[in-house]
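# Fold and contact review
What follows is the residue order along each chain.
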Amino acid sequence: MDRIRVKLKGFDVQVLDKSAQQIISSAVSSGAKTSGPIPLPTKIKRYTVNTSPHVNKRAMESFEMRIHKRIIDILSPTSKTIDALTHLQLPVGVGIEIK
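Here is a short report on the structure shown in this document. Position labels on residues start from 1 in each chain and follow its written sequence. Residues qualify for local features only when their pLDDT is at least 70, as the model is predicted, and side-chain atom pairs are given and counted only at 80 or more; totals for whole chains, interfaces and linings, by contrast, use all residues. Based on all heavy atoms of the structure, the side-chain values leave hydrogens and waters out of the count.

## Re the overall build of the protein
- Broken down by element type, the protein carries two helices and four strands.
- Secondary structure elements follow DSSP: runs of H or I of four or more residues count as helices, runs of E of two or more count as strands, with numbering from the N terminus. In sequence order, the protein lays out its α and β elements as β-α-β-β-α-β.
- Its C-alpha radius of gyration of 19 Å places the protein more than 25% over the 13 Å reference for a compact globule of 99 residues.
- Taken along its principal axes, the extent of the C-alpha atoms in the protein is 65 × 20 × 20 Å.
- Counting every position in the protein, which comprises 99 residues, the buried fraction comes to 25%.
- Whether two residues are in contact is decided by their heavy atoms: any pair within 4.5 Å suffices. Considering only contacts in the protein between residues 6 or more positions apart, those separated by 24 or more positions represent 72%.
- As displayed, the protein offers around 6,900 Å² of accessible surface, 55% of which is attributable to carbon and sulfur atoms.
- The averaged location of the 8 negative side-chain charges in the protein is 6 Å from the averaged location of its 16 positive side-chain charges. With the radius of gyration taken over C-alpha atoms, the globule rule is written as 2.2 Å times the number of residues to the power 0.38. For the exposure calls, accessible area comes from a 1.4 Å probe over protein chains only, and a residue counts as buried if that area is under 20% of its type's maximum, exposed if over 50%, partly exposed in between. In these tables, accessible area is a Shrake-Rupley quantity obtained with a 1.4 Å probe, and a residue counts as shielded only by the protein chains included in the view. Positive charges come from Lys and Arg, negative ones from Asp and Glu, while His and the chain ends are left out of the count. Where a charge sits is defined by one atom per residue type, namely NZ (Lys), CZ (Arg), CG (Asp) or CD (Glu).

Now the structure itself:
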């Protein structure tokens, strides 16, 4: 393997950055080189909902969800690195995808 690409997704920026630092520190301690975290553009989903079900069309409420993403490349991984990544405890709300 030449590299492992780790994609992180989450709603909270601070939790996402802490988990990225945790992944980088575990990869470096196992003897691999890393590049990143590379922030990707934030995806914003907006929803508009009527507050009144019948009469008042103008009474609307807006909500938005911000999805933050980071990419970490682990270069020249060892078997220790792969083992460290599989046994990593990440906080709730952080989605991880390893390729």
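## Quick word on the environment of R5
- Within the element layout of this structure, R5 appears in strand 1 (residues 3–10).
- The class for R5 is partly exposed, based on a relative accessible area of 26%.
- Sequence-wise, R5 and I98 are 93 residues apart; in three dimensions their C-alpha atoms are separated by 5.9 Å.
- Apart from residues lying up to four places away in sequence, R5 is in contact with I71, I72, D73, E97, I98 and K99.
- Counted as a polar contact is a pair of N or O atoms within 3.5 Å, where, for protein atoms, one must be capable of donating a hydrogen and the other of accepting one, and residues adjacent in sequence contribute only when both atoms are in side chains. A distance of 2.9 Å separates the side chain of R5 from the side chain of D73, its partner in a polar contact.

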